[in-house]
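Take a look at the letters that make up each chain.
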Amino acid sequence: MAIDLRSDTVTKPTAAMRTAMASAEVGDDVYGDDPSVNALEARVAALLGHEAGVFTPTGSLANQLGMRLHAKPGQEVATDLQAHVVRAELGAAAAFSGITSRTWDAPRGLLDVAQVREYVRPSAGPYLVSTTCVVVENTHNFGGGTIQPLENLIELRAFVDSVGIRLHLDGARLWNAHVVTGVPLATYGELFDSVSVCLSKGLGAPIGSVLVSSAANVSEARVWRKRYGAGMRQVGILAAAGTYAIDNHVARLADDHVRAARLAEACASAAPGVVEPSYVQTNIVPLDLTATTWDAATFAAAARERGVLVSVLGPRFVRLVTHLDVDDAGCALACEVLAALLGSAPN
Ligand SMILES: *Cc1c(COP(=O)(O)O)cnc(C)c1O
């Protein structure tokens, strides 16, 4: 079987997770009657230091519900130009909510509050677009799994408070940041007006995200979730997978981080310059093939032939992601295959 490093979304539910799903108590969640969903929403809200939560089928929807709480049509969300909300959610904020966006180049996706200060325009009146929301991604996916330092987040909170802008956290992989830094999830969560987290990435649930915020905000998000067609019925069967994942799969993310570090070391030794191992903080390894003669598609095809799947994210840019379904043996084999390819680049 191939070693699939394309994403941490490729994980399949374990036998124990399937058992938890099969025995979940369920009800009609649009009526608020699903005990497993209610328990998951309350659990995640408490973990992140918020009043309430709403379960969504995808992280994109959780982010979109969060942003629309903070920006009206014609207003602006500001973030970095590699952020998932502007790059990978297919224009949803514009298409569904009439929200425009402004972005800046943030190396490795790292938050720099000086850039936020430079680009946002709070209450700009009739002259310029008013920025009403800043989005932060932690960890930063296309930045290479980058963790946002807590002091930067605290500085950003103080700034947005001083100008009356709201803050949304795309915390799809906040679990990974928490496991590395030991910063409590609530310490991160309380710095934001809303937070989305994914259960379907490294945590290994088949589907699901949760958006948390104030009780009033979550009530409003629930209305929009239904309006978007994502009011779900006996969905406790999926919420149970999320609860199981939180109970059992958070601490083990550390193993994914160790394996990502091994991949980075192996690739960097074979082809110095493709990745800086000290930047690999979590489970994502970005490979910049401009240091070699490989292009990304040819490299990915050659790796696939040798049983290793990787993501092509740019003409010379490849991404590796470790997760629940890649063990030490799989990681070692991937290190061998990728190092051999990098060490024998085509002419
Ligand atoms: C995966 C991901 C999401 C949500 O993706 P869905 O596929 O919609 O669940 C959001 N933000 C980031 C940073 C992600 O990596």
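J.: How do you make sense of the sheet that holds strand 5 (residues 131–137) when you look at a structure like this?
T.: What holds strands together in a sheet is hydrogen bonding between their backbones, with the strands either parallel or antiparallel. Strand order across the open sheet formed by seven strands is 2-8-7-6-5-3-4, with mixed pairing between neighbours. What marks the edges here is a single partner per strand, and that holds for strand 2 (52–56) and strand 4 (100–104). Ignoring which end each strand starts from, the neighbouring axes of this sheet average 20 degrees apart. Alignment of strand 3 (residues 76–80) against strand 4, held across five bridges, turns out to be parallel. Bridge pairing links Thr-79 to Thr-103 in strand 4. Running over the sheet, helix 7 (residues 150–163) touches strand 5 and strand 6 (166–171) and is turned about 175 degrees from strand 5.

J.: Would you mind showing me how to read helix 3 (residues 59–70) here?
T.: Residue pairs three or four apart in sequence face the same way in an α-helix, which turns once every 3.6 residues. When the terminal C-alpha atoms of helix 3 are compared, their 17 Å separation across 12 residues agrees well with the 16 Å that a helix rising 1.5 Å per residue should span. For helix 3, the full list of buried residues reads Gly-59, Leu-61, Ala-62, Asn-63, Gln-64, Leu-65, Gly-66, Met-67, Arg-68, Leu-69 and His-70.

J.: Would you explain the packing of aromatic side chains in this entry?
T.: Given two aromatic rings, their pairing is described by the distance between the two centres and the angle made by the two planes. Scanning all chains against the criterion turns up four aromatic pairs. Seen in terms of ring centroids, Trp-294 and Phe-299 are 5.3 Å apart; in terms of plane orientation they differ by 80 degrees. Their pairing is edge-to-face. Taken together through their ring pairs, the aromatic side chains of Phe-96, Trp-224 and Tyr-228 make up a single cluster. The residue whose ring lies beneath Arg-108 is Tyr-279, and the NZ or CZ to ring-centre distance is 3.8 Å.

J.: How should I be thinking about the domain arrangement of the protein chain in this particular structure?
T.: Where interface size is quoted, it is often the accessible area lost as the parts come together. Annotation of the protein chain at the domain level lists domain 1 (15–248) and domain 2 (252–342). Measuring from the centre of the C-alpha atoms in domain 1 to the corresponding centre in domain 2 gives 28 Å. In this complex, domain 1 contributes 18 residues to the contact, which on the side of domain 2 involves 14 residues. Counting each side, the surface lost to burial between domain 1 and domain 2 is near 1,400 Å², with a carbon and sulfur contribution of 57%. It is Arg-108, Gly-144 and Asn-176 in domain 1 that bury the most area against domain 2; as a group they hold 30% of the surface buried on that side. For the interface between domain 1 and domain 2, the tally reads zero salt bridges. Top element by residues in the side of domain 1 that touches domain 2 is helix 8 (residues 174–181). It accounts for four residues.

What counts and what doesn't
- Residues numbered from 1 in each chain as written.
- Predicted model: local features only at pLDDT ≥ 70, side-chain atom pairs only at ≥ 80, totals over all residues.
- Heavy atoms only, no water.
- Pairing = 2+ DSSP bridges.
- Helix = DSSP H or I, 4+ residues; strand = E, 2+ residues; numbered from the N terminus.
- Axes fitted to C-alpha atoms, helices over the stretch in contact; angles between N-to-C directions.
- Contact = heavy atoms within 4.5 Å.
- Expected span 1.5 Å × (residues − 1).
- Buried < 20%, exposed > 50% of the residue type's maximum accessible area, 1.4 Å probe, protein only.
- Phe/Tyr/Trp six-rings, centres within 6.5 Å; stacked < 30°, edge-to-face > 60°.
- Lys NZ or Arg CZ within 6 Å of the ring centre and 35° of its normal.
- Domains from an automatic or database assignment.
- Buried area = accessible area lost by both parts, 1.4 Å probe.
- Salt bridge = Lys/Arg side-chain N within 4 Å of Asp/Glu carboxyl O.

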